[in-house]
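Topology and contacts: notes
The residues making up each chain are set out below.
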Amino acid sequence: MSGWVLKGLKTGIRTTLYPKVEELAPGVSPGRPAGGRAAGNKKPAAEACPVDAIAVRDKQVSVDYDRCILCGRCLPPAGASGLVKPAADYEWAYKIPRDTVAAGGAGVTKTCSHSLHIKVVDGGACNACLSEVSQLTKPYYDMHRLGFFITPTPRDADLLLVVGPVTEHMKLPLKKAFEAMPEPKAVMAVGTCALSGGIFGPGFAAGGGVKEFLPVDIAVPGCPPPPLAIIHGLLMAVGRKDPVPSPTSPGPGSGMEAAK
Ligand code: SF4
Ligand code: SF4
């Protein structure tokens, strides 16, 4: 028996059983603000947020997960007197409905339910999102057991996984990668930067996320999202997890009045 198998048996290191079994091991999720109803003055919660991701209406505090950078300033005990509650789940992905789904994400859901090839493109990320993506192939998360494989060429890919706000220099390569992929194909935006520009954009060097010029099917919020959140998105892309239509906590732009 090889040494690493013996070591695994001795130390009890194992691969997660998610999605068959809910993963409850400590540290698999950094947690994120949950919003919800709160008594008293809600303004400090919004004022604690450096990216205007918190909105309030009446007694309801909501968080825009596309913008939240998980800085934790709104969470107790710092900042906002615990007006925004923490949540430690990790199923953060949601599906973006597309008008024209003749091919696209719906086609991938139908044809790639057992095996999915993923082309990863770094659109100018800080490297933390990429680091979480790289965890997917390590023994603990082992996405190969689920039929998910990373491919170096877009011509073999079913899904384009993009991290980063997409810098000016990466726009053309990203578009070319998307065009080179065969139908059906889907796009998954991973991380706050890929969803809204995050802390980098929009600006003179970086855009406001992948949605600006590619049809995104699956969004995985977080800065960075934990590996299980990315696996949740991949499972949703292939129809093995129920599609979640949008973040449960609506944010600015969704009719909620900002408190600032
Ligand atoms: S954790 Fe998110 S919502 Fe809370 S202050 Fe930081 S960026 Fe804003
Ligand atoms: S979302 Fe956060 S972790 Fe990911 S690339 Fe942007 S700044 Fe880095």
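Before reading further, recall that the structure is shown in the block above.
Just so it is clear, the model here is predicted, and its values are computed rather than measured.

Reading guide: rules and limits
- Residues numbered from 1 in each chain as written.
- Chains lettered and ligands numbered in written order.
- Predicted model: local features only at pLDDT ≥ 70, side-chain atom pairs only at ≥ 80, totals over all residues.
- Heavy atoms only, no water.
- Near = heavy atom within 4 Å.
- Helix = DSSP H or I, 4+ residues; strand = E, 2+ residues; numbered from the N terminus.
- Nonpolar A, V, L, I, M, F, W, Y, C, P; charged D, E, K, R; others polar.
- Pairing = 2+ DSSP bridges.
- Contact = heavy atoms within 4.5 Å.
- Axes fitted to C-alpha atoms, helices over the stretch in contact; angles between N-to-C directions.
- Buried < 20%, exposed > 50% of the residue type's maximum accessible area, 1.4 Å probe, protein only.
- Arc of directions from axis to C-beta.
- Salt bridge = Lys/Arg side-chain N within 4 Å of Asp/Glu carboxyl O.
- Phe/Tyr/Trp six-rings, centres within 6.5 Å; stacked < 30°, edge-to-face > 60°.
- Lys NZ or Arg CZ within 6 Å of the ring centre and 35° of its normal.
- Polar contact = N/O pair within 3.5 Å; in protein donor to acceptor, adjacent residues only side chain to side chain.
- Right-handed = clockwise from strand over helix to strand, strands pointing away.

Section: the site of ligand 2
With respect to spatial proximity, the complete set of residues near ligand 2 consists of A125, C126, A128, C129, G191, T192, C193, F200, G222, C223 and P224. Secondary structure elements with two or more residues in the shell around ligand 2: α4 (128-135) and α6 (192-196). Of the residues assigned to the shell around ligand 2, the class counts are 8 nonpolar, 3 polar and no charged.

Topic: the sheet that holds strand β8 (residues 148-150)
What the 6 strands build is an open sheet, ordered β6-β11-β10-β9-β7-β8; its pairing is mixed. Strands with a single pairing partner mark the edges of an open sheet, and in this sheet they are β6 (94-95) and β8. Two strands pair when backbone bridges link them, and β6 and strand β11 (residues 218-220) are joined in this way by 2 bridges, in the antiparallel orientation. The residue bridging K95 from the neighbouring strand is I218, located in β11. Strands in contact with helix α5 (residues 168-180) are β7 (116-122), β9 (159-163) and β10 (186-190); relative to β9, the strand with the most contacts, it is inclined by about 165°. Across the sheet, helix α7 (residues 227-237) is in contact with β6, β7, β8, β9, β10 and β11; its angle to β11 comes to roughly 170°.

Section: α4
Taken residue by residue, α4 has C129, E132 and V133 as its buried positions. Angularly, the buried residues of α4 cover 100° about the axis, an arc narrow enough to put them on a single face.

A look at the pattern of salt bridges
For the structure on display, the rule yields 4 salt bridges. The partner of K211 in a salt bridge is D66, and the shortest N-O contact between them spans 3.3 Å. Of this pair, K211 sits in the loop between α6 and β11 while D66 sits in the loop between β4 (60-63) and β5 (86-87), and the two are 145 residues apart along the sequence. The class of D66 is buried, set by a relative accessible area of 12%. Taking the shortest distance from any N to any O, the salt bridge between E168 and K171 comes out at 3.0 Å. With a gap of 3 residues between them, E168 and K171 both fall in helix α5, about one helical turn apart. The exposure class of K171 is partly exposed, given its relative accessible area of 21%.

Topic: the pairing of strand β3 (residues 54-57)
As judged from the 4 bridges shared by β3 and β4, these two strands associate in the antiparallel manner. Along β4, the bridge assignment pairs A55 with S62. Hairpin connection between β3 and β4: a loop of 2 residues separates the two successive antiparallel strands, and D58 in this loop has a positive phi of roughly 50°.

Regarding the sheet that holds β3
Across the sheet, 3 strands lie side by side as β2-β4-β3; this open sheet has antiparallel pairing. Edge positions in the sheet fall to β2 (36-37) and β3, since each of these pairs with one other strand and no more.

So, the site of ligand 1
In the neighbourhood of ligand 1, the contacting residues comprise P33, C49, P50, V51, I54, V63, C68, I69, L70, C71, G72 and C74. For the shell around ligand 1, a count of residues per class yields 11 nonpolar, 1 polar and no charged.

As for the packing of aromatic side chains
Throughout the structure, instances matching the rule amount to 2 aromatic pairs. Between Y18 and Y90, the ring centres sit 5.3 Å apart and the planes meet at 90°, which makes this aromatic pair edge-to-face. Note that Y18 is positioned in the loop between α1 (3-11) and β1 (32-33) and Y90 in the loop between β5 and β6, a separation of 72 residues in sequence. A residue is classified by how much of its surface remains accessible, and Y90, at 6% relative accessible area, is buried. Pairing Y140 with Y141 gives two aromatic rings, centres 4.9 Å apart and planes at 90°, and the pair type is edge-to-face. The exposure class assigned to Y140 is partly exposed, which follows from its relative accessible area of 24%. The ring of Y65 carries R32 above its face, with NZ or CZ at 3.7 Å from the centroid. The ring of F178 has K185 lying over it, and the distance from NZ or CZ to the ring centre is 4.3 Å.

Re the side chain of T151
Inspection of the secondary structure assignment puts T151 in the loop between β8 and β9. Look at T151 and you get buried, because its relative accessible area is 6%. A polar atom in the side chain of T151 sits 3.4 Å from the backbone nitrogen of T153. Sequence-distant contacts of T151, defined by excluding residues within four places in its chain, comprise H117, I118, K119, D156 and A157.

Notes on the pairing of β10
Of all 5 residues that make up β10, 5 are buried, and the element is covered over most of its length. Summarising the sheet, β9 and β10 pair through 5 bridges and their orientation is parallel. For L159, the partnering residue across the bridge sits in β10 and is A186. Chirality of the crossover, the property in question, places the unit of β9, α5 and β10 among those that are right-handed.

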